[in-house]
Amino acid sequence: MIWEMAKDKARSPGGGFMFNGSFKGLHWSHLGSALSDWFLWKTGRGLNRDQLAYLRRKITRLVLGGTGGSLKMMVLPSTNSLVPERSRESDPVLRQKHFLKLKLPINGTDFTFWEWVYGILHLIEHHLLGPWEDGRILGFMSKDEADTALEGAAAGTFLVRFSDPTLGAVAVVFVNEILQVTHPKPMTHTSLIASSLATRINNLENAKFLYLSQGCFSHKKDVFWMYEDEGKCPNSWLFLQALVLNAQLLCLRTQRKSRRATQAGFRSQSCGRCWK
């Protein structure tokens, strides 16, 4: 659905490239805009420029095959002379496989870009709607970017970001008493059902001042007290919601593997007929 939304944006006037029978892919600008619209619709808050830039860098690594080399790819022609020529690195052309099929080049992971985004979207819907919509969660940033943001900050300063290697997880990163940036174990659906993110932050002695942006901080008691009951469920439902989400993610992977097996079988049969 997201891919189709992005294609619709590409077809619109001023979409930025020709869409016809020789269509090969989508510019990131169309896909990023569709993702932002999807988050806005599902969670009440779209994606800002920094978050979209992080997602672009993440999916571009798939285009590069997990390397850090220069980006060499086709840039689709523009149909509007008023649209400036796109930079190959700032607005790359993506194929559907980059979004839905290829696994992210992160050690220990076994999921695609869309499965990773899908897991985060469900985490927000079930447990983080309030703080996400109010801008308390920076979310889409790498571990290194979190370290840079908190570098030189006072002890007790913290931020909230989504985990890269763990599917559907959020982490509270803080500056400890010896001024080192600490990355505790990420929190998943199961742990947040038992205790909300706000409750965990309010009980975390090392987390006192929420980092919102450069030079902008708030005391946690002023921003997280209102979310303490968000995402919590009765004990009898402790694992049910997490189980349902895991089943949905497993279904996505099974469907992908089934399509691959079907395609492989079709190619094998075709090859056999050719030899006969």
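Quick summary incoming for the structure in this document. Being a predicted model, the structure only gives us computed values, none of them experimental.

What the five strands build is an open sheet, ordered 5-4-3-6-7; its pairing is mixed. Only two strands of the sheet have a single neighbouring strand rather than two, namely strand 5 (181-182) and strand 7 (216-219). Taken strand by strand, helix 5 (residues 113-133) contacts strand 3 (157-162) and strand 4 (170-175), and its axis lies near 145° from that of strand 3. Most of the contacts of helix 6 (residues 143-150) go to strand 3, to which it runs at about 160°, and overall it touches strand 3, strand 4, strand 5 and strand 6 (209-213).

Attention now goes to the side chain of Arg-161. Its location among the elements puts Arg-161 in strand 3. A distance of 2.9 Å separates a polar atom in the side chain of Arg-161 from the backbone oxygen of Met-141. Engagement of the side chain of Arg-161 in a polar contact is seen with the side chain of Asp-164, the distance being 3.1 Å. What Arg-161 contacts, discounting residues up to four positions off in sequence, is Gly-139, Met-141, Ser-142, Lys-143, Ala-146, Val-170, Ala-171 and Val-173.

Now for the pairing of strand 4. The buried fraction of strand 4 amounts to six of the six residues, a majority that puts the element mostly inside the structure. Burial along strand 4 is two-sided: Val-170, Val-172 and Phe-174 facing one way and Ala-171, Val-173 and Val-175 facing the other are all buried. Pairing analysis gives five bridges linking strand 3 to strand 4, with the strands arranged antiparallel. When the bridges of strand 4 are listed, Phe-162 appears paired with Val-170.

The subject of this paragraph is unusual backbone geometry. The backbone phi angle of Leu-179 is positive, close to 65°, even though this residue is not glycine. Mapped onto the elements, Leu-179 comes out in the loop between strand 4 and strand 5. With a relative accessible area of 57%, Leu-179 lands in the exposed category.

Time to look at the packing of aromatic side chains. Counted by the stated rule, this structure contains 13 aromatic pairs. Measuring from ring centre to ring centre gives 5.0 Å for Trp-38 and Trp-41, while their planes differ by 70°; the resulting arrangement is edge-to-face. With Trp-38 and Trp-41 both in helix 2 (residues 28-43) and three residues apart, this pair spans about one turn of that helix. Its relative accessible area of 10% is what places Trp-38 among the buried residues. Seen in terms of ring centroids, Tyr-211 and Phe-217 are 5.6 Å apart; in terms of plane orientation they differ by 70°. Their pairing is edge-to-face. Looking at Phe-217, the relative accessible area reads 42%, which means it is partly exposed. In textbook terms, an aromatic cluster arises when at least three aromatic residues are bridged by ring pairs, as seen for Phe-39, Tyr-54, Phe-113, Trp-116, Trp-132, Phe-140 and Phe-162. Positioned over the ring face of Trp-41 is Lys-42, at 5.4 Å from the centre of the ring. Of note, Lys-58 hangs over the ring of Trp-116, and the distance from its end group to the ring centre comes to 4.3 Å.

In total, this model carries four salt bridges according to the counting rule given. Arg-161 is paired through a salt bridge with Asp-164; the nearest N and O atoms lie 3.1 Å apart. Asp-164 matches Arg-161 in its accessibility class, with the two residues each being buried. Within this structure, Lys-58, Arg-161 and Asp-164 form a network of salt bridges that share partners.

Cut-offs used in this document
Residues numbered from 1 in each chain as written. Predicted model: local features only at pLDDT ≥ 70, side-chain atom pairs only at ≥ 80, totals over all residues. Heavy atoms only, no water. Pairing = 2+ DSSP bridges. Helix = DSSP H or I, 4+ residues; strand = E, 2+ residues; numbered from the N terminus. Contact = heavy atoms within 4.5 Å. Axes fitted to C-alpha atoms, helices over the stretch in contact; angles between N-to-C directions. Polar contact = N/O pair within 3.5 Å; in protein donor to acceptor, adjacent residues only side chain to side chain. Buried < 20%, exposed > 50% of the residue type's maximum accessible area, 1.4 Å probe, protein only. Phe/Tyr/Trp six-rings, centres within 6.5 Å; stacked < 30°, edge-to-face > 60°. Lys NZ or Arg CZ within 6 Å of the ring centre and 35° of its normal. Salt bridge = Lys/Arg side-chain N within 4 Å of Asp/Glu carboxyl O.

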